[in-house]
Amino acid sequence: MGKKVHSIFVRNPYLRKVAFFFPIQLLMVHLKKNHIMLLFWAIIFGFVTRAIAPKYGIPFLFLDPEYLDNVSFFSFLIVGFSCGGFIMAFNISSYIMNAFRFPFLATLSKPFLKYCLNNFIIPLLFCVVYIWNIVDFQHDNGTDKLEILLHCLGFLSGIILFLFITFGYFFSQTKDLFGIFGLKETPDMDARLAEYEKKEDRDWHIETYLSTPTNIRLCRKFDHYEKSMLMQVFRQNNYAAATFEIISILSLLILGFFREIEIFMIPAGASIILLFTMFMMLMSALHTWLRGWSTAAFIIFILVINALYQLEPFNIRNTAYGLHYNTRKANYDISYMGKYDENHVIQEGDVNNTLEILNNWRRKNSKSALATKDKKPKMVFICTSGGGLRSTMWTFHVLQYSDRVLQGKLLDHTSLITGSSGGMIGAAYMRELYLDKQNSAIKSYYEPEYLINASKDVLNPVAFTVAASDLFFRFQHFQIGNDIYTKDRAYAFERELNENMNGAFKKKLVDYKVPEQTAQIPMMVFTPVIINDGRKLFISSQPVSYLVRNDIQKNMTRRPLYTGIEFTRFFAEQGSKDVLFSSVLRMNSTFPYIMPVVTLPSEPAIEIMDAGIRDNYGIETTLKFMYTFRNWISSNTSGVVIIQIRDRHKNMDVEENPAKTIGQALMRPLGTFYSNTFSMQDYNHNQLLEYCSLWFDGKVDVLDFQLRNDPKDNISLSWHLTKSEKQKIINSIELPENQNSIRKLQELFEQDQ
């Protein structure tokens, strides 16, 4: 059958010209030989069609790119420019790896340009699909038609601009057969059709090719040229291409030195494409210089890097800024945990310190009720969930809105804020503004500009830092006191947070000790997870050993389990109180891979990850605090209000379970376990809240504020939000269940009047 089909193509001149059309044969070569390059294309196609990582908002980085806080012609121009770079990297890599399979190319003028022209199928298809998805996405999100047109023109202009620059280089640097050997081109060369035979097994037969975008020509015969002459043309072109790739990579690395300048904070989608472009260029450059040894050299390179990573100079660990890493390391072992767990003097001192804070809180909230001696205030605990920038914005929005409705009473009555990741960043920003208001630094913290600040992009500088420096060289450093730290994506994250929020977090952890002690602001307790053993790291400006200890029960005998350590006490000799507050927020928000794992100065080295792994909503910490001070709270308050600010509904609809492929069936157990992690936390927290009534005599009201974040209308888990996602967050406060929580809050505080 195969021979019969082959014979039909060979004998029929029309079918032959189609089947052996150079663009078609190049596509066949890619499908047969260039699987890594196709993998890069498949991933990018998946991003722009929303088939890959829509939950994490990756497609929106391409369909709604933000530059200088705006989605504009220029943001799409930059993305288009990076796509032009990727297309040229594809052309160059493909040329280096495949041009020798098509000897007729060496007989053409400007062989590299002709190759790129005929290698159009995948890039053209990508541009069409990308523009179609831009139009579809932005139309669905209510973008004006003229604005959509400008965005598409920006994207195409960026591609054309890069191609123009690139071809200008190759016109001057690449040569053809006639330029290298001084041969003269005869007029009849284009009229001779190549015979259907291969000179070597690796040669692919071509009969027609595009000489210009609108002109198809017959291929020249090349058998009268010596093979060495043809290969010399390809070698010269390959070296010119490899030189261009090295220049491009070096240019990007040099740009990394200027990444703190605002105009160089390019859209995150462009940074992702640049990252793929560099990988493709490195791969083809290796192939140019090492040829058949390139794969082996790459494997050896990876093995060497992997081995060197174990050595201190090559293992560039991320740090918490302000901590001292050049002093004696803290000793992290079970004996330390046991020593402090059994030290009742320390625990009693910490309890007394917090009791003084609670007394200050009581005096602060009793001033309006002096005439009614028996009147007691409500105590509020705020528990906020993680979830990237959506949780930052949602938490801030809920607190700002609720406090305004209650005329400032919500934050006045709040004693403790706990939670994880982005939610704690939003709460910390609100607390900072609340402090500024009391210190007369601002007139009001209800201004819309603050909500805008809480929703600003943080991902662009992080992504560009990854592309320009983190994966290759980290030459830049900065100094705090006598300590030197590396500028990496963690530094970019903290810097951008402070830029967005007007320097709100340019403080040390210790700077909040006095405002918390005087109950000027609520306490905040952060609980990132220790990767080494899964324990919690309790971070607070106050001593809180009572949150770590095992309570002794008179009617129970058991072996104690140490569930965590206290940051400020454990790292006291390493300057724990001087750690930057922005680093505390980052440690509590360290989502895998997006942010680097934080290493602390201990032996063995403690590594830190996101608090959401163990207690995404902060309920465990809140209930431990309540349990410790249950008698005081019961005697001095009219009850407790626990406000849960959630980035998803508590009772989610049961997902459909359609027929699965073999791959889906194999991955479902692990995938289900991960996707249900927060639901399982909810079940456990629900039980803990039920048991609360057994040891607390007072009234407890649990109010939920839930973000509208349905699986079919998902708000991305990312440090970037689109305009439509921001609007969904703003509108979520109007959901009936959230308005019910607002009314319930009003009723509870009216009872305190």
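Residues numbered from 1 in each chain as written. Predicted model: local features only at pLDDT ≥ 70, side-chain atom pairs only at ≥ 80, totals over all residues. Heavy atoms only, no water.

A. Inspection of the overall build of the protein at higher detail. The helix and strand inventory of the protein stands at 31 helices and 16 strands. Buried positions account for 54% of the 753 residues belonging to the protein. Long-range contacts, defined here as pairs at least 24 residues apart, represent 80% of the contacts in the protein between residues at least 6 apart. Roughly 34,900 Å² of accessible area belongs to the protein as shown, and the carbon and sulfur atoms make up 60% of that amount. (Helix = DSSP H or I, 4+ residues; strand = E, 2+ residues; numbered from the N terminus. Buried < 20%, exposed > 50% of the residue type's maximum accessible area, 1.4 Å probe, protein only. Contact = heavy atoms within 4.5 Å. Areas by Shrake-Rupley, 256 points an atom, 1.4 Å probe, with all protein chains shown as cover.)

B. Looking closely at a nonpolar patch on the surface. Residues Leu68, Ile246, Leu250, Ile254, Leu255, Phe257, Phe258, Ile261, Ile263 and Phe475 make up a contiguous nonpolar surface patch of about 900 Å² in total accessible area. For Leu250, the position within the fold is in helix H11 (residues 227-255). Residue Leu250 is classed as partly exposed on the basis of its relative accessible area of 47%. (Patch = residues over 30% accessible without salt bridge, like charges linked within 9 Å, V, L, I, M, F, W, Y side chains within 5 Å. Salt bridge = Lys/Arg side-chain N within 4 Å of Asp/Glu carboxyl O.)

C. Main features of the sheet that holds strand S5 (residues 414-419). Ordered in space as S8-S5-S4-S15-S16, the 5 strands form an open sheet in which the pairing is parallel. Looking along the sheet, the strands with just one partner apiece sit at the ends: strand S8 (523-526) and strand S16 (700-706). Mean inter-strand twist for the sheet, computed between neighbouring axes without regard to direction, equals 15°. As paired elements, S5 and S8 share 4 bridges and run parallel to each other. Its bridge partner being in S8, Ile417 is matched across the sheet by Met524. The strands touched by helix H18 (residues 421-438) are strand S4 (379-384), S5 and S8; relative to S8, the strand with the most contacts, the crossing angle is about 160°. Contacts from helix H31 (residues 736-750) reach S4, strand S15 (640-646) and S16 within the one sheet, and its direction differs from that of S16 by about 145°. (Pairing = 2+ DSSP bridges. Axes fitted to C-alpha atoms, helices over the stretch in contact; angles between N-to-C directions.)

D. Examining the packing of aromatic side chains more closely. All told, the structure shown has 39 aromatic pairs when counted by the stated rule. Ring geometry for Tyr429 against Tyr450: centres 6.5 Å apart, planes inclined by 75°, an arrangement best described as edge-to-face. Placement of Tyr429 in helix H18 and of Tyr450 in helix H19 (residues 448-454) is noted, with a sequence separation of 21 residues between them. Each member of the pair Tyr429 and Tyr450 is classed as buried. (Phe/Tyr/Trp six-rings, centres within 6.5 Å; stacked < 30°, edge-to-face > 60°.)

E. Inspection of the side chain of Gln542 at higher detail. Structurally, Gln542 can be placed in the loop between strand S10 (536-538) and strand S11 (564-566). Separated by 3.2 Å, the side chains of Gln542 and Asn353 make a polar contact. There is a polar contact of 3.5 Å between the side chain of Gln542 and the side chain of Ser541. With residues near it in sequence (within four places) discarded, Gln542 still touches Asn353, Ile357, Tyr512, Lys513, Glu516, Gln517, Met523 and Glu566. (Polar contact = N/O pair within 3.5 Å; in protein donor to acceptor, adjacent residues only side chain to side chain.)

F. Here's a closer look at the packing of helix H4 (residues 35-48) against helix H8 (residues 121-140). Contact geometry for H4 and H8: axes closest at 10 Å, N-to-C directions at 15°. What the angle tells us is that H4 and H8 run roughly parallel. The crossing of H4 and H8 is left-handed. Contact with H4, carried on its side by Leu38, Trp41, Ile44, Phe45 and Val48, involves Ile122, Pro123, Leu125, Phe126, Val129, Tyr130 and Asn133 of H8 and no other residues of that element. For the contact of H4 with H8, the residue count by class is 11 nonpolar, 1 polar and no charged. (Parallel < 35°, antiparallel > 145°, perpendicular 65-115°, else oblique. Left-handed = near helix turned anticlockwise from the far one by under 90°. Nonpolar A, V, L, I, M, F, W, Y, C, P; charged D, E, K, R; others polar.)

G. Representation of the environment of Met88 within the structure. Take Met88: it is sitting in helix H6 (residues 73-98). Distance from Met88 to Ile159, taken between C-alpha atoms, is 9.7 Å for residues 71 residues apart in sequence.

H. The arrangement of the confidence of the model for the protein in detail. Here the protein shows a mean pLDDT of 84. Residues at 70 or above account for 82%. By mean pLDDT, the top-scoring element of the protein is S8 (98), and the lowest-scoring one is helix H10 (residues 177-181) (45). Confidence drops under pLDDT 50 across residues 177-183; counting only partners more than four residues distant or on other chains, this segment forms 23 contacts. Across residues 186-201, confidence stays below pLDDT 50; counting only partners more than four residues off in sequence or on other chains, it has 36 contacts. (pLDDT = per-residue confidence, 0-100.)

I. Summary view of the side chain of Thr208. Among the secondary structure elements, Thr208 is positioned in strand S1 (residues 208-212). For Thr208, a relative accessible area of 5% corresponds to the buried category. Not counting residues up to four positions away in its chain, the partners in contact with Thr208 are Lys17, Phe20, Phe21, Phe22, Ile216, Arg217, Leu218 and Cys219.

J. Representation of the pairing of strand S7 (residues 483-486). In the sheet, strand S6 (residues 477-480) pairs with S7 via 4 bridges, with the strands oriented antiparallel. Counterpart to Phe478 in the pairing with S7 is Tyr485. If you look at the hairpin formed by S6 and S7, you'll find 2 residues sitting between the two strands, and Gly481 has a positive phi there, around 65°.

K. Spatial organisation of the environment of Phe538. Along the chain, Phe538 falls in strand S10. In the structure, Phe538 is positioned 31 residues away from Arg569 in sequence and 10.0 Å away in space, judged by C-alpha atoms. Excluding anything up to four places from it in sequence, Phe538 contacts Val525, Phe526, Thr527, Val544, Leu547, Val548, Gly564, Ile565, Glu566, Phe567 and Thr621.

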